[in-house]
Amino acid sequence: MTFILALQGALNQGVLWCIMALGVYITFRLLDIADLTVDGSFATGGAVAAVILVHGGNPVVAILAALLAGCVAGFVTGFLLTKCHIPAILAGILSQIGLYSVNLRIMGKSNIPLLGTKSLYDWHYDVGISTTQASIVVGILVTVLVVALLYWFFGTEIGNAIRATGNNENMVRAVGVNTDMTKMIGTILSNGLIALSGGLVAQQQGYADVKMGIGAIVIGLASIVIGETIFAKVSRNFIVRLVSIVVGSVIYRFVIAIVL
């Protein structure tokens with residue numbers, strides 16, 4: 001019974017954190033940029049969501065605000081990268097360090113408990129399931145929506161331009177594409193998804209902490225590597241690539257649960 005509960009918890013964490021891994025995939029694989037903003041923007045999403053919830057806000061509004069805050073963080077990183085011509089790793093580090101202070105300012109303290117506040121998972125009382133099971137359902141629904149939107153977006157002209165920028169920036173620039181703009185859009189979208197994941201995780205774990213994003217980049221990269229390894233033979237299809245990240249995140253959490 002304990003093992004089953006542990007696996008449920010692993011699946012729960014996997015489907016919530018896979019959204020963060022999808023955000024990392026956009027910069028790390030599609031844009032070929034090592035964006036280290038992740039640890040900061042993940043915590044920003046949790047901080048924004050927590051502040052809204054403790055003031056009686058709607059949980060859906062909280063995660064949408066978290067998404068928007070992450071987009072702003074991504075814009076700053078993109079600006080440092082494209083307009084200030086700062087190397088990608090350093091731009092990400094600067095944003096990450098800056099976000100630590102920003103997150104403290106948002107929350108007013110280092111930790112905000114969410115006990116007694118509304119969450120996206122409160123409906124489990126009405127259907128007689130556990131909070132973990134409700135969190136799994138919400139996580140799967142949000143993940144399916146995110147994957148579908150990403151598949152659609154990266155099939156558009158601007159989406160293909162972003163993918164092409166990561167493959168061969170000089171060639172894309174030669175045909176008239178503004179690569180600064182594609183990089184900017186990529187970092188904004190990436191960190192928006194990362195912060196969205198942070199908002200969902202904060203509601204699930206019942207608190208937001210300024211350090212909750214530490215190690216997020218490692219988890220994201222591990223999910224990508226695991227997924228790409230498993231789906232190596234069929235990874236040419238873009239939708240399969242996206243699904244592989246989700247599967248990789250879940251497997252990563254299962255391995256951690258089994259080891260523990």
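Residues numbered from 1 in each chain as written. Predicted model: local features only at pLDDT ≥ 70, side-chain atom pairs only at ≥ 80, totals over all residues. Heavy atoms only, no water.

Participant: What am I meant to see in unusual backbone geometry here?
Facilitator: Where the residue is not glycine, phi is negative for most of them; where a peptide bond is considered, it is trans in most cases. One non-glycine residue with positive phi stands out, namely Asp32, at about 60°. Note that Asp32 resides in the loop between helix H1 (2-30) and helix H2 (38-54). For Asp32, a relative accessible area of 57% gives the class exposed. Residue His85 is not a glycine yet carries a positive backbone phi of 55°. Residue position: His85 is located in the loop between helix H3 (59-82) and helix H4 (88-107). Residue classification places His85 among the exposed residues on the basis of a relative accessible area of 63%. (Helix = DSSP H or I, 4+ residues; strand = E, 2+ residues; numbered from the N terminus. Buried < 20%, exposed > 50% of the residue type's maximum accessible area, 1.4 Å probe, protein only.)

Participant: I keep staring at the side chain of Asn12 and nothing clicks. Help me out?
Facilitator: Examined against the element boundaries, Asn12 turns out to sit in helix H1. Beyond its immediate chain neighbours, meaning those up to four positions away, Asn12 contacts Thr132, Ser135, Ile136 and Gln204. (Contact = heavy atoms within 4.5 Å.)

Participant: Would you take a moment to explain the environment of Ile219 for this structure?
Facilitator: If you trace the backbone, Ile219 turns up in helix H10 (residues 216-230). Residue Ile219 is classed as buried on the basis of its relative accessible area, which comes to 12%. With 57 residues separating them in the primary sequence, Ile219 and Ile162 have C-alpha atoms 24 Å apart. Contact partners of Ile219, with chain neighbours within four places excluded, come to Trp17, Met20, Tyr252 and Arg253.

Participant: What am I meant to see in the side chain of Lys183 here?
Facilitator: Mapped onto the elements, Lys183 comes out in helix H9 (residues 179-205). Sequence-distant contacts of Lys183, that is, excluding residues within four places in its chain, are made with Leu31, Ile33, Leu81, Thr82, Thr165 and Glu169.

Participant: Explain the packing of H2 against H3 here, please?
Facilitator: Any two packed helices are characterised by how steeply their axes cross, that is the angle between the axes, and by the distance between the axes. Where H2 contacts H3, the two axes come as close as 8 Å, and the packing angle between them is 145°. Seen from above, H2 lies across H3 with right-handed handedness. Between H2 and H3, the residues in contact are Ser41, Thr44, Gly45, Val48, Ala49, Ile52 and Leu53 and Pro59, Val61, Ala62, Ala65, Ala66, Ala69 and Ala73, respectively. (Axes fitted to C-alpha atoms, helices over the stretch in contact; angles between N-to-C directions. Left-handed = near helix turned anticlockwise from the far one by under 90°.)

Participant: Which parts of the structure should I look at to understand the pattern of salt bridges?
Facilitator: Two side chains of opposite charge can pair, provided their charged atoms sit close to one another. All told, the structure shown has three salt bridges when counted by the stated rule. Residue Glu228 pairs with Arg29 through a salt bridge whose shortest N-O separation is 2.8 Å. Of this pair, Glu228 sits in helix H10 while Arg29 sits in helix H1, placing them 199 residues apart in sequence. By relative accessible area, which is 23% here, Glu228 ends up partly exposed. When the shortest N-O distance is used, the salt bridge between Glu169 and Arg173 registers 2.5 Å. With Glu169 and Arg173 both in helix H8 (residues 169-174) and four residues apart, this pair spans about one turn of that helix. Relative accessible area serves as the criterion here: at 25%, Glu169 is assigned to the partly exposed category. Judged by relative accessible area, which is 41%, Arg173 ranks as partly exposed. Connected via shared salt-bridge partners are Glu169, Arg173 and Lys183. (Salt bridge = Lys/Arg side-chain N within 4 Å of Asp/Glu carboxyl O.)

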